[in-house]
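As a plain string of letters, each chain reads:
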Amino acid sequence: MNSITAIAATPSPLEMGRFADQNTPLVRDCWYVAGFSDEITRDILARRLLGVDVALYRTLAGEPVAVRNRCPHRSFPLAKGRLDGDVLVCGYHGMQFDPSGRCVNMPSMPIVPTNANVRAFPTAERGPLVWIWMGDPDHADESLIPDTSWLASPGWKSVRGSFHMKSDYVAMHENLLDQTHFPFLHPGTVGTPEFARSKLDVRQEGDVIVIYRSLKNAPPPGIYGVPMGLMERRVDRFSEARFVSPALHTAYASVTDNEDPSGKAEVYRFNITHLITPETQNSLHYWWFNSRDRRLDDEAADEFLRSASEQAYLEDVDALEWISETVNADAEPQFDLNFAPDKPGLLMRRSIFERAAAQQARGY
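Just so you know, these numbers come straight off a predicted model, no measurement behind them.

In this section: the overall build of the chain. Looking only at helices and strands, one finds 7 helices and 17 strands in the chain. Relative to a compact globule of 364 residues, whose C-alpha radius of gyration would be 21 Å, the chain shows 23 Å and is just as compact. Along the first, second and third principal axes, the C-alpha set of the chain runs to 80 × 55 × 35 Å. Here the chain holds 364 residues, and the buried ones make up 51% of them.

Let's shift gears to helix 2 (residues 169–177). In terms of burial, helix 2 is largely enclosed, as 9 of its 9 residues are buried. All of the buried residues along helix 2 are Tyr 169, Val 170, Ala 171, Met 172, His 173, Glu 174, Asn 175, Leu 176 and Leu 177. Structurally, the start of helix 2 carries an N-cap: the backbone nitrogen of Val 170 is 3.2 Å from a side-chain oxygen of Asp 168.

Structurally, Ser 100 can be placed in the loop between strand 7 (96–97) and strand 8 (103–105). Given the relative accessible area of 48%, Ser 100 is considered partly exposed. Along the chain, Ser 100 and Val 118 lie 18 residues apart, while their C-alpha atoms are 8.3 Å from each other. When residues no more than four places from it in sequence are discounted, the contact partners of Ser 100 are Val 118 and Ala 120. In this structure the side chain of Ser 100 is engaged in a polar contact, spanning 2.6 Å, whose partner is the side chain of Asp 98.

Right, let's get into the pairing of strand 9 (residues 123–126). Taken together, the 4 bridges between strand 9 and strand 10 (residues 129–133) define a ladder with antiparallel strand orientation. Pairing of Glu 125 across the sheet is with Val 130, part of strand 10. The turn joining strand 9 and strand 10, which pair antiparallel and follow one another in sequence, is formed by 2 residues; a positive phi near 60 degrees is taken by Gly 127.

Close inspection of predicted coordinates is inappropriate for parts of the model with low pLDDT. Across the chain, the average pLDDT comes to 91, with 94% of residues at or above 70. Segment residues 1–15 is flagged for pLDDT under 50; beyond a separation of four residues in sequence, or across chains, it makes 38 contacts in the model.

Turning our attention to the packing of aromatic side chains. A ring pair, where both rings are aromatic, is described by two values, the distance of the centres and the angle of the planes. Counting across every chain of the model gives 8 aromatic pairs. For the ring pair Trp 31 and Trp 133, a centre distance of 5.5 Å and an interplane angle of 65 degrees mean the geometry is edge-to-face. On the criterion of sequence distance, the pair formed by Trp 31 in strand 1 (residues 31–36) and Trp 133 in strand 10 is long-range, its members being 102 residues apart. We note that Trp 31, like Trp 133, is buried. Taken together, Phe 163, Tyr 286, Trp 288 and Tyr 313 form an aromatic cluster joined through their ring pairs. In this structure, Arg 294 packs its charged tip against the face of Tyr 268, placed 4.7 Å from the ring centre.

Definitions and cut-offs
Residues numbered from 1 in each chain as written. Predicted model: local features only at pLDDT ≥ 70, side-chain atom pairs only at ≥ 80, totals over all residues. Heavy atoms only, no water. Helix = DSSP H or I, 4+ residues; strand = E, 2+ residues; numbered from the N terminus. Rg over C-alpha atoms; globule rule 2.2 N^0.38 Å. Buried < 20%, exposed > 50% of the residue type's maximum accessible area, 1.4 Å probe, protein only. Polar contact = N/O pair within 3.5 Å; in protein donor to acceptor, adjacent residues only side chain to side chain. Contact = heavy atoms within 4.5 Å. Pairing = 2+ DSSP bridges. pLDDT = per-residue confidence, 0-100. Phe/Tyr/Trp six-rings, centres within 6.5 Å; stacked < 30°, edge-to-face > 60°. Lys NZ or Arg CZ within 6 Å of the ring centre and 35° of its normal.

What follows is the structure, encoded as structure tokens:
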């Protein structure tokens, strides 16, 4: 987004320079999602991630593989080639590469050239997702992959979807941390006026930005109330959202029905998972899940949550693409104002800036 001018008071020029925007170098030392697990098969998939064209496939044993989608000989896209067992065969001159990216055969030469390798990227599969590390491979510690264990838990039911967006990932994270837009951009699904006015608590835990709201004795939003049959009741609503990493934003919501006919308070929980991978500096891949711990076999709830989520997230996609078009096309500069509710987004932008600066200082 645009430069910072005011939050509670106007920051100094030095402070202004320490917030990430659409021009900040992408954070590469991070686990990002390469795709849904079922997207990556024995059919080679080409996908641009963090500005790099990648070819994705699976070995015969089912392990995901990611290599640069560019033959080192004449830049032929390797995804246009074929698989021979676990070997990726270039469709131009027949050069062959194993899953590590090492050239194992060049038909036109009796000796395999030792410098004709392609870069391979570390990958890891967790539940319904394949993760990829696009940065320094020496830092690719799988323990750093964020926890999304509920996506594979039998105690949760998820619906999912994806979008391609012409916007930057900083703006996307800022949008997800900005809950004050909910009643206006998403009035029929997520937003209620009461929730927008509820008290906002913000804290930072290392690189993680956490926001928390609670709202008691109020109508539920449609996205929770309709599939759980709570629209005619007043409920207690609790929400915690987290900027976990440049690749992940999570939101945990609980809705407590104090009017259940059983006489006991019933708690309904929802986990919303937003997975964001830059395609380029100004475009991104966006995968999402809406997970619940009630009515797991209710197909009508599945369909409503899928439809309502798609509607809300498409509204975000449209808004961010319109903003991006305006910023990029307007010849007159504007410094966007910031106010107290914008604090979570500013903390996130500072965190991304600091990670990008540290990465540059290491020369990567």
